[in-house]
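Read off the chains here:
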Amino acid sequence: MINFDRLEKKINIKQEKFRQSIINKWLFKLFLLQKMPIALLAGLQVRELSQEKSVVSVPFKWFSQNPFKSVYFATQAMAAEMSTGVLGLMAIEGASKKVSMLVLNVEGNFIKKATERIYFTCENGHEIFNAVDMAISSGEGVTVKAKSTGKLKDGTIVSEFFVIWSFKSKK
(Lines give C-alpha, C1' and ligand atoms only; values in the text may rest on other atoms or scores of the structure.)
Protein backbone atom coordinates (compact mmCIF):
# COMPACT_ATOMS: atom_id res chain seq x y z
CA MET A 1 0.00 0.00 0.00
CA ILE A 2 1.35 3.41 -0.92
CA ASN A 3 1.74 6.01 1.82
CA PHE A 4 0.57 9.18 0.12
CA ASP A 5 1.90 11.31 3.01
CA ARG A 6 5.31 10.99 1.33
CA LEU A 7 4.00 12.80 -1.73
CA GLU A 8 3.88 16.09 0.16
CA LYS A 9 7.42 15.87 1.58
CA LYS A 10 10.20 17.85 -0.01
CA ILE A 11 13.56 16.31 -0.77
CA ASN A 12 16.18 16.93 1.90
CA ILE A 13 19.42 18.89 1.50
CA LYS A 14 21.54 15.80 0.76
CA GLN A 15 19.04 14.61 -1.84
CA GLU A 16 19.05 18.03 -3.51
CA LYS A 17 22.86 18.09 -3.50
CA PHE A 18 22.88 14.62 -5.12
CA ARG A 19 20.30 15.81 -7.69
CA GLN A 20 22.38 18.86 -8.55
CA SER A 21 25.53 16.76 -9.01
CA ILE A 22 23.72 14.28 -11.26
CA ILE A 23 22.21 16.92 -13.54
CA ASN A 24 25.56 18.73 -13.82
CA LYS A 25 27.11 17.40 -17.02
CA TRP A 26 30.71 17.29 -15.74
CA LEU A 27 29.98 16.01 -12.24
CA PHE A 28 27.80 13.29 -13.74
CA LYS A 29 30.65 12.24 -16.02
CA LEU A 30 32.92 11.95 -12.96
CA PHE A 31 30.21 9.90 -11.20
CA LEU A 32 30.00 7.55 -14.20
CA LEU A 33 33.78 7.28 -14.46
CA GLN A 34 33.88 6.10 -10.82
CA LYS A 35 30.72 3.97 -10.70
CA MET A 36 29.69 2.96 -14.25
CA PRO A 37 32.44 3.55 -16.81
CA ILE A 38 30.59 1.64 -19.55
CA ALA A 39 27.69 4.12 -19.24
CA LEU A 40 30.17 6.96 -19.75
CA LEU A 41 31.48 5.31 -22.92
CA ALA A 42 27.94 4.76 -24.17
CA GLY A 43 27.16 8.45 -23.69
CA LEU A 44 24.34 8.27 -21.15
CA GLN A 45 23.11 11.63 -19.87
CA VAL A 46 20.61 12.52 -17.15
CA ARG A 47 18.44 15.17 -18.77
CA GLU A 48 15.97 15.64 -15.92
CA LEU A 49 15.77 14.53 -12.30
CA SER A 50 13.11 15.38 -9.73
CA GLN A 51 11.30 13.57 -6.94
CA GLU A 52 8.63 12.60 -9.47
CA LYS A 53 10.59 11.53 -12.53
CA SER A 54 13.85 11.22 -14.38
CA VAL A 55 14.86 11.35 -18.02
CA VAL A 56 18.04 9.65 -19.24
CA SER A 57 19.18 9.77 -22.85
CA VAL A 58 21.46 7.53 -24.87
CA PRO A 59 22.78 8.48 -28.31
CA PHE A 60 22.86 6.38 -31.43
CA LYS A 61 26.56 6.19 -32.24
CA TRP A 62 29.16 3.65 -33.26
CA PHE A 63 29.77 2.48 -29.69
CA SER A 64 26.06 1.95 -28.87
CA GLN A 65 24.92 0.30 -32.11
CA ASN A 66 24.24 -3.29 -33.05
CA PRO A 67 24.97 -4.98 -36.43
CA PHE A 68 21.50 -3.89 -37.64
CA LYS A 69 22.41 -0.19 -37.35
CA SER A 70 20.17 0.60 -34.39
CA VAL A 71 20.77 1.15 -30.68
CA TYR A 72 21.82 -2.15 -29.12
CA PHE A 73 19.26 -3.66 -26.73
CA ALA A 74 21.74 -3.82 -23.83
CA THR A 75 22.54 -0.13 -24.25
CA GLN A 76 18.82 0.63 -24.12
CA ALA A 77 18.47 -1.54 -21.01
CA MET A 78 21.36 0.32 -19.34
CA ALA A 79 19.74 3.71 -19.98
CA ALA A 80 16.32 2.47 -18.87
CA GLU A 81 17.76 0.99 -15.68
CA MET A 82 19.57 4.24 -14.96
CA SER A 83 16.37 6.25 -15.36
CA THR A 84 14.81 4.17 -12.58
CA GLY A 85 17.95 3.70 -10.49
CA VAL A 86 18.90 7.36 -10.24
CA LEU A 87 15.54 7.95 -8.53
CA GLY A 88 16.41 5.21 -6.03
CA LEU A 89 19.87 6.66 -5.43
CA MET A 90 18.36 10.06 -4.77
CA ALA A 91 15.74 8.56 -2.41
CA ILE A 92 18.33 6.77 -0.27
CA GLU A 93 20.68 9.76 -0.17
CA GLY A 94 20.31 11.43 3.19
CA ALA A 95 17.82 8.85 4.49
CA SER A 96 17.65 8.35 8.27
CA LYS A 97 19.25 4.89 7.88
CA LYS A 98 21.45 3.31 5.26
CA VAL A 99 19.41 1.54 2.60
CA SER A 100 20.61 -0.97 0.05
CA MET A 101 19.07 -1.22 -3.40
CA LEU A 102 19.25 -4.09 -5.83
CA VAL A 103 17.78 -4.88 -9.24
CA LEU A 104 15.72 -8.07 -8.97
CA ASN A 105 14.39 -8.26 -12.51
CA VAL A 106 14.38 -6.44 -15.85
CA GLU A 107 11.86 -6.91 -18.64
CA GLY A 108 12.11 -5.19 -22.00
CA ASN A 109 9.77 -4.74 -24.94
CA PHE A 110 11.10 -3.43 -28.22
CA ILE A 111 8.55 -1.66 -30.39
CA LYS A 112 10.47 0.17 -33.10
CA LYS A 113 14.02 0.31 -34.43
CA ALA A 114 16.00 3.06 -32.69
CA THR A 115 18.30 4.92 -35.07
CA GLU A 116 18.73 8.17 -33.14
CA ARG A 117 19.04 9.42 -29.55
CA ILE A 118 16.54 7.76 -27.19
CA TYR A 119 15.07 9.46 -24.11
CA PHE A 120 14.10 7.06 -21.29
CA THR A 121 11.55 8.46 -18.86
CA CYS A 122 10.61 6.97 -15.49
CA GLU A 123 7.71 8.57 -13.62
CA ASN A 124 7.72 6.27 -10.58
CA GLY A 125 9.64 8.62 -8.29
CA HIS A 126 6.95 8.79 -5.64
CA GLU A 127 6.66 5.00 -5.46
CA ILE A 128 10.43 4.68 -5.18
CA PHE A 129 10.72 7.33 -2.44
CA ASN A 130 7.81 5.63 -0.66
CA ALA A 131 9.48 2.22 -0.87
CA VAL A 132 12.61 3.64 0.77
CA ASP A 133 10.49 5.14 3.57
CA MET A 134 8.65 1.84 4.04
CA ALA A 135 11.91 -0.16 4.07
CA ILE A 136 13.30 2.11 6.80
CA SER A 137 10.15 2.07 8.94
CA SER A 138 9.44 -1.67 8.60
CA GLY A 139 12.98 -3.04 8.49
CA GLU A 140 11.78 -5.33 5.70
CA GLY A 141 12.66 -5.40 2.03
CA VAL A 142 10.28 -3.47 -0.20
CA THR A 143 10.04 -3.87 -3.96
CA VAL A 144 8.97 -1.44 -6.64
CA LYS A 145 8.27 -2.21 -10.29
CA ALA A 146 9.36 0.91 -12.15
CA LYS A 147 8.57 1.57 -15.80
CA SER A 148 10.92 3.34 -18.19
CA THR A 149 9.68 4.31 -21.63
CA GLY A 150 12.18 5.00 -24.41
CA LYS A 151 11.10 7.58 -26.96
CA LEU A 152 12.65 9.34 -29.90
CA LYS A 153 12.70 13.14 -29.98
CA ASP A 154 9.42 13.17 -31.94
CA GLY A 155 7.70 11.09 -29.23
CA THR A 156 7.79 7.75 -31.04
CA ILE A 157 8.03 4.92 -28.48
CA VAL A 158 10.87 2.54 -29.33
CA SER A 159 11.02 0.44 -26.15
CA GLU A 160 9.60 -0.06 -22.68
CA PHE A 161 11.38 -1.55 -19.71
CA PHE A 162 10.15 -2.68 -16.33
CA VAL A 163 12.77 -2.78 -13.59
CA ILE A 164 11.98 -4.35 -10.24
CA TRP A 165 14.03 -2.78 -7.45
CA SER A 166 14.39 -4.05 -3.90
CA PHE A 167 15.10 -1.59 -1.08
CA LYS A 168 16.15 -2.80 2.36
CA SER A 169 17.27 -0.91 5.44
CA LYS A 170 20.72 -1.88 6.66
CA LYS A 171 21.18 -2.67 10.35
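Because the structure is predicted, anything quoted here is derived from the model rather than measured. (Residues numbered from 1 in each chain as written. Predicted model: local features only at pLDDT ≥ 70, side-chain atom pairs only at ≥ 80, totals over all residues. Heavy atoms only, no water.)

Trainee: Got a minute to help me understand the overall build of the protein chain in this structure?
Mentor: Broken down by element type, the protein chain carries five helices and six strands. Reading the protein chain from its N end, one meets helices and strands in the order α-α-α-β-β-α-β-β-α-β-β. For the protein chain, whose C-alpha radius of gyration is 16 Å, the value lies close to the compact-globule estimate of 16 Å for 171 residues. Reported as C-alpha extents along the three principal axes, the dimensions of the protein chain are approximately 50 × 30 × 25 Å. The buried share among the 171 residues of the protein chain stands at 42%. Long-range pairs, those at least 24 residues apart, make up 71% of the contacts in the protein chain with a sequence separation of at least 6. The protein chain carries 25 positive and 15 negative side-chain charges, and their two centres are separated by 8 Å. (Helix = DSSP H or I, 4+ residues; strand = E, 2+ residues; numbered from the N terminus. Rg over C-alpha atoms; globule rule 2.2 N^0.38 Å. Buried < 20%, exposed > 50% of the residue type's maximum accessible area, 1.4 Å probe, protein only. Contact = heavy atoms within 4.5 Å. Lys, Arg positive; Asp, Glu negative; His and termini not counted. Charge placed at Lys NZ, Arg CZ, Asp CG, Glu CD.)

Trainee: Help me understand the environment of Ile-157 in this model?
Mentor: Following the sequence through the fold, Ile-157 ends up in strand S6 (residues 157-169). By relative accessible area, Ile-157 is classed as partly exposed at 33%. It is 9.1 Å that separates the C-alpha atoms of Ile-157 and Ile-118, two residues lying 39 residues apart in sequence. Not counting residues up to four positions away in its chain, the partners in contact with Ile-157 are Ile-111, Lys-112, Thr-149, Gly-150 and Lys-151.

Trainee: Which parts of the structure should I look at to understand a nonpolar patch on the surface?
Mentor: Judged by side-chain polarity, Leu-27, Leu-30 and Leu-33 come together as a nonpolar surface patch covering roughly 290 Å² of accessible area. With respect to the helices and strands, Leu-27 occurs in helix H2 (residues 25-35). The class of Leu-27 is partly exposed, set by a relative accessible area of 43%. (Patch = residues over 30% accessible without salt bridge, like charges linked within 9 Å, V, L, I, M, F, W, Y side chains within 5 Å. Areas by Shrake-Rupley, 256 points an atom, 1.4 Å probe, with all protein chains shown as cover. Salt bridge = Lys/Arg side-chain N within 4 Å of Asp/Glu carboxyl O.)

Trainee: Hey, could you run me through the packing of helix H1 (residues 13-23) against H2 in this one?
Mentor: The geometry of a pair of packed helices is captured by two quantities: the angle between their axes and the separation between those axes. Relative to each other, H1 and H2 sit at 95°, their axes nearing to 5 Å. Judged by the inter-axis angle, H1 sits roughly perpendicular to H2. Along the contact surface, H1 presents Ser-21, Ile-22 and Ile-23, while H2 presents Lys-25, Leu-27, Phe-28 and Phe-31. Residues belonging to the contact of H1 with H2 are distributed by class as follows: five nonpolar, one polar and one charged. (Axes fitted to C-alpha atoms, helices over the stretch in contact; angles between N-to-C directions. Parallel < 35°, antiparallel > 145°, perpendicular 65-115°, else oblique. Nonpolar A, V, L, I, M, F, W, Y, C, P; charged D, E, K, R; others polar.)

Trainee: I'm lost on the packing of H1 against helix H4 (residues 73-92) in this one. Help?
Mentor: H4 packs onto H1 with a crossing angle of 145° between their chain directions and a minimal axis gap of 8 Å. With respect to the hand of their crossing, H1 and H4 are arranged in right-handed fashion. Mapping the contact onto sequence places Gln-15, Phe-18, Arg-19 and Ile-22 in H1 and Val-86, Leu-89, Met-90 and Ala-91 in H4. In terms of residue class, the contact of H1 with H4 is made up of six nonpolar, one polar and one charged. (Left-handed = near helix turned anticlockwise from the far one by under 90°.)

Trainee: Help me out: how do you make sense of a positive patch on the surface in this one?
Mentor: A contiguous patch of positive charge on the surface is contributed by Lys-25, Lys-29, Arg-47 and Lys-61. Mapped onto the elements of the fold, Lys-61 is located in the loop between strand S2 (54-58) and H4.

Trainee: Honestly, the pairing of strand S5 (residues 142-151) in this entry has me stumped. Any pointers?
Mentor: Each regular strand shows side chains that alternate between the opposite faces of the sheet. Direction of pairing for strand S4 (residues 118-122) relative to S5: antiparallel, over a ladder of four bridges. When the bridges of S5 are listed, Phe-120 appears paired with Gly-150. Bridging between S5 and S6 involves ten bridges; their strand directions are antiparallel. What sits directly across from Val-144, in S6, is Trp-165. Linking two consecutive strands that pair antiparallel, namely S5 and S6, is a turn of five residues; a positive phi of about 95° is found at Gly-155 within it. (Pairing = 2+ DSSP bridges.)

Trainee: Got a minute to help me understand the sheet that holds S5 in this structure?
Mentor: Hydrogen bonds between backbone atoms are what pair the strands of a sheet, whose relative direction is either parallel or antiparallel. Across the sheet, which stays open at both edges, the six strands sit in the order S1-S2-S4-S5-S6-S3 with antiparallel pairing between neighbours. Each edge of the sheet is formed by a strand with only one pairing partner; in this case those strands are strand S1 (45-49) and strand S3 (99-110). Taken over all neighbouring pairs, the strand axes of this sheet differ in orientation by 25° on average, direction set aside. By the bridge criterion, five bridges tie S2 to S4 in an arrangement that is antiparallel. Each bridged residue has a counterpart across the sheet, and for Val-58 the counterpart in S4 is Ile-118.

Note that all results are geometric; they support no functional claim without further evidence.
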